[in-house]
Amino acid sequence: MSRWPLLGCALAAACPPVARAVCWADGCAVGSPGSLVPHGGGTIARAAAARLASRRAPENRTQDPVADDGTAGGAAGAGGAVPREGTDEQAACWALFAEGEAQSKAAVGAADGGAPLMVKWATDSAGAGVPAQMLRAEELMQQALLSSECAQGHGAMGASRALRVFQHAKWLAERDHARAAEVRFREASREAAERRRSVLAQHALARLGYFLAQWGRPAEALEAFLEAQRFGELDPERDPVAPFVLGVVGRQAAGGDVRRLRDAEERILGAGRQPTEELEALRERLQAEIRFWRAAELCPRRCLDAEEVVYAMICLGSHLFHAVAR
């Protein structure tokens, strides 16, 4: 394996376009999951071809494909908090929380399916801009949650607030308010974990990883996915996107670690149909590429199956150089 980098120098002298594919810098891969392509691993040919392909990949700016009432809500089991009978102080505490929930739903346009009314923005404690109504909703729910008058309902309140904060994060992320969204994805995961809502805790981190990949931050996306896995293996039946995107960013981050590269590629090969056209096109392309390079690595004749001339040249040149070096 250590001989392969010499091929890059040989190709650089013979063919500038191929040299650009081999020598393309790591910092160039930015944008979306469509641009997160492999490098390093089994052969330098694989890396060069993957880099070349990434330059042509369209940006994937799709919204989070998971339905609001699916994985995040129903599976998390964190519905609206249910008030208990009690003193006037307790009733006031529950009313305060209910007001926060109502403002939260209005802020993201969930109330009656209407469009969100965003006329004023504010700055949160992290210095990020968020809709004022959204921030106020979070504060009201937190105020009720911290009240001793509602002590018996803190479990339900905390779970409900975690879900509402998750919805805020998702709304912000879909509109590229990255800083505010990231803070809330992590807050939702932390609060859900504290209330033993592990599915929601995992899902919030997985959604964070998905959006970090969209924002061209693959290393951070991989970290978020790995954090999500602390709550259990990512379930492709419940969320087909997270395991696939984990494979994509993991493949890029593998570097020269063949085992990590193989593990990431197995995730991609095992991914099922994706819920958006962009992700599905990416899945089909990456699966075809992985199968091609694995076959071509074993048999030089399979290099001729390449869909692009550059791929065939890289593949044949790699085999030729390896044979001469031996």
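All figures in this text were calculated on a predicted structure; none of them were measured in a lab.

Student: Sorry, what's going on with the overall build of the protein chain here?
Tutor: Looking only at helices and strands, one finds 14 helices and two strands in the protein chain. The buried share of the protein chain, taken over its 326 residues, is 50%. Of the contacts made within the protein chain by residues no fewer than 6 positions apart, 65% connect residues no fewer than 24 positions apart. By element, 53% of the accessible surface of the protein chain is carried by carbon and sulfur atoms, the whole surface being about 15,100 Å².

Student: Is there a simple way to explain the confidence of the model for the protein chain in this structure?
Tutor: In regions of low pLDDT, the predicted coordinates are not meant to be interpreted in detail. Per-residue pLDDT for the protein chain has a mean of 76; in total, 71% of the residues score no lower than 70. Model confidence for the protein chain, summarised as mean pLDDT per element, is weakest for helix α2 (residues 16-23) at 35 and strongest for helix α8 (residues 178-194) at 96. This model gives residues 1-79 a pLDDT under 50, and the stretch forms 176 contacts once residues within four places in sequence are excluded.

Student: Help me out: how do you make sense of the nonpolar core in this one?
Tutor: Among soluble globular proteins, nonpolar side chains are generally buried collectively. Ranked by internal contacts, the top residues of the largest apolar core, which has 49 residues, are Phe185, Phe225, Phe244 and Val245. Of all the secondary structure elements, the ones that give two or more residues to this core are α6 (132-146), α7 (154-174), α8, α9 (198-214), α10 (218-228), α11 (241-253) and α13 (277-298). The greatest single-element share of this core, amounting to ten residues, is contributed by α9. Within the second largest apolar cluster, nine residues are counted, among which are Trp293, Ala306, Tyr311 and Ile314.

Student: Explanation requested: the environment of glutamate 237 in the structure shown.
Tutor: Mapped onto the elements of the fold, glutamate 237 is located in the loop between α10 and α11. Residue glutamate 237 is classed as exposed on the basis of its relative accessible area, which comes to 72%.

Student: Just checking my understanding: could you explain α9 for this structure?
Tutor: Each full turn of the α-helix corresponds to 3.6 residues, which orients residues three or four apart in the same direction. Taking 1.5 Å as the rise per residue, α9 with 17 residues should run 24 Å; its terminal C-alpha atoms sit 25 Å apart, in good agreement. Taken from the residues just after α9, glycine 216 is the one with a positive phi, measuring 75 degrees.

What counts as what
Residues numbered from 1 in each chain as written. Predicted model: local features only at pLDDT ≥ 70, side-chain atom pairs only at ≥ 80, totals over all residues. Heavy atoms only, no water. Helix = DSSP H or I, 4+ residues; strand = E, 2+ residues; numbered from the N terminus. Buried < 20%, exposed > 50% of the residue type's maximum accessible area, 1.4 Å probe, protein only. Contact = heavy atoms within 4.5 Å. Areas by Shrake-Rupley, 256 points an atom, 1.4 Å probe, with all protein chains shown as cover. pLDDT = per-residue confidence, 0-100. Core = buried A, V, L, I, M, F, W, Y, C linked by side-chain atoms within 4.5 Å. Expected span 1.5 Å × (residues − 1).

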